[in-house]
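Secondary and tertiary structure notes
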Amino acid sequence: PIHARLDAVKCLIPFPEGKKILEVGCGPGMYSIALAKLGAQVTGVDYSKQMIEAAQRNATRNGVSISFTQMNFVDDALNGTFDTVFAAGDIEYIDPSQHVKFMNKMKGLSSESVIISFPKARTLHRFVREMWLKYLKEIEICFFNNAEIAQLASQAGLKEVERQDAGVLWVIKFR
């Protein structure tokens, strides 16, 4: 699903050149690097110091300049405004009681759009992923149906404007 998410994000940000983009939960920087190569001015944030270090190394290897910062996105302050704020592969790991706060923070930092990937609730992939993460790694994970996504968006004051189906997940653009 990583490449499907990247393709979906690129579809939802069709002309990134010159755009200020924030990637929440940037991990090793794959999406940030891809968007920077298309001319976007990218900032990436992640909770993990190791992921930020890997992202910086990967950006250097790819010849792009990206600002990476280690932080807890939900709780730490972040200044600035971005054209697009996106999170691919993050909301499912956040405690459900923090979903609206997470989406509100994304909305508050965005002047144009918020893009979030949501793993689908009714797939075989869910069963396999949930068993692997929950029982072998002791990691709780959330999956979403359309009604849950609509409720979260409504609570965060966001309106869905476009959706990409990436197989086991949706990548959704909000305003």
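This report concerns the structure included in the present document.

Quick notes on the rules
- Residues numbered from 1 in each chain as written.
- Predicted model: local features only at pLDDT ≥ 70, side-chain atom pairs only at ≥ 80, totals over all residues.
- Heavy atoms only, no water.
- Helix = DSSP H or I, 4+ residues; strand = E, 2+ residues; numbered from the N terminus.
- Rg over C-alpha atoms; globule rule 2.2 N^0.38 Å.
- Buried < 20%, exposed > 50% of the residue type's maximum accessible area, 1.4 Å probe, protein only.
- Contact = heavy atoms within 4.5 Å.
- Lys, Arg positive; Asp, Glu negative; His and termini not counted.
- Charge placed at Lys NZ, Arg CZ, Asp CG, Glu CD.
- Salt bridge = Lys/Arg side-chain N within 4 Å of Asp/Glu carboxyl O.
- Pairing = 2+ DSSP bridges.
- Polar contact = N/O pair within 3.5 Å; in protein donor to acceptor, adjacent residues only side chain to side chain.
- Arc of directions from axis to C-beta.

Let's shift gears to the overall build of the protein chain. The number of helices and strands found in the protein chain is 6 helices and 7 strands. The order of helices and strands in the protein chain, counted from the N terminus, is α-β-α-β-α-β-β-α-β-α-α-β-β. Compactness check: the protein chain gives a C-alpha radius of gyration of 15 Å against a globular reference of 16 Å for 175 residues, within 12% of the reference. Seen along its three principal axes, the alpha-carbon backbone of the protein chain occupies a region of about 40 × 35 × 30 Å. Counting over 175 residues, the protein chain shows a buried share of 47%. In the protein chain, the proportion of contacts linking residues at least 24 apart, taken out of those at least 6 apart, comes to 65%. Of the charged side chains in the protein chain, 21 are positive and 19 negative; the average position of the first set lies 2 Å away from that of the second.

Attention shifts here to the pattern of salt bridges. Taken as a whole and assessed by the stated rule, the structure comprises 5 salt bridges. Taking the shortest distance from any N to any O, the salt bridge between Lys19 and Glu112 comes out at 3.1 Å. In this pair, Lys19 is assigned in the loop between helix H1 (2-12) and strand E1 (20-24) and Glu112 in strand E5 (residues 110-119), connecting sequence segments 93 residues apart. On the accessibility criterion, Glu112 (36% relative accessible area) is partly exposed. Lys49 serves as the salt-bridge partner of Glu53, at 4.0 Å between the closest nitrogen and oxygen.

Counted residue by residue, E1 has 4 buried out of 5 residues, so it is predominantly covered. Summarising the sheet, E1 and strand E2 (residues 41-46) pair through 5 bridges and their orientation is parallel. Residue Lys20 lies in a different strand from E2, and its bridge partner there is Gln41. As defined by bridge partners, E1 adjoins strand E4 (residues 82-87) across 3 bridges and the pair is classed as parallel. Bridging across to E4, Ile21 finds its partner in Thr84.

Let us now look at the side chain of Ser110. Tracing the chain through its elements places Ser110 in strand E5. At 2.7 Å, the side chain of Ser110 forms a polar contact with the backbone oxygen of Ser113. Sequence-distant contacts of Ser110, defined by excluding residues within four places in its chain, comprise Thr81, Phe82, Asp83, Thr84 and Val85.

Here helix H6 (residues 146-155) has its buried residues at Ile149, Leu152 and Ala153. End-on view of H6: buried residues confined to an arc of 100 degrees, all on one side of the axis. Residues of H6 that are exposed and point more than 90 degrees away from the buried face comprise Ala147 and Ser154. Here the buried face of H6 lies against helix H4 (99-109), E5, strand E6 (160-165) and strand E7 (169-174). Looking at where H6 begins, the residue whose side-chain oxygen comes 3.1 Å from the main-chain nitrogen of Ala147 is Asn145.

On their own, these measurements won't tell you what the molecule is for.
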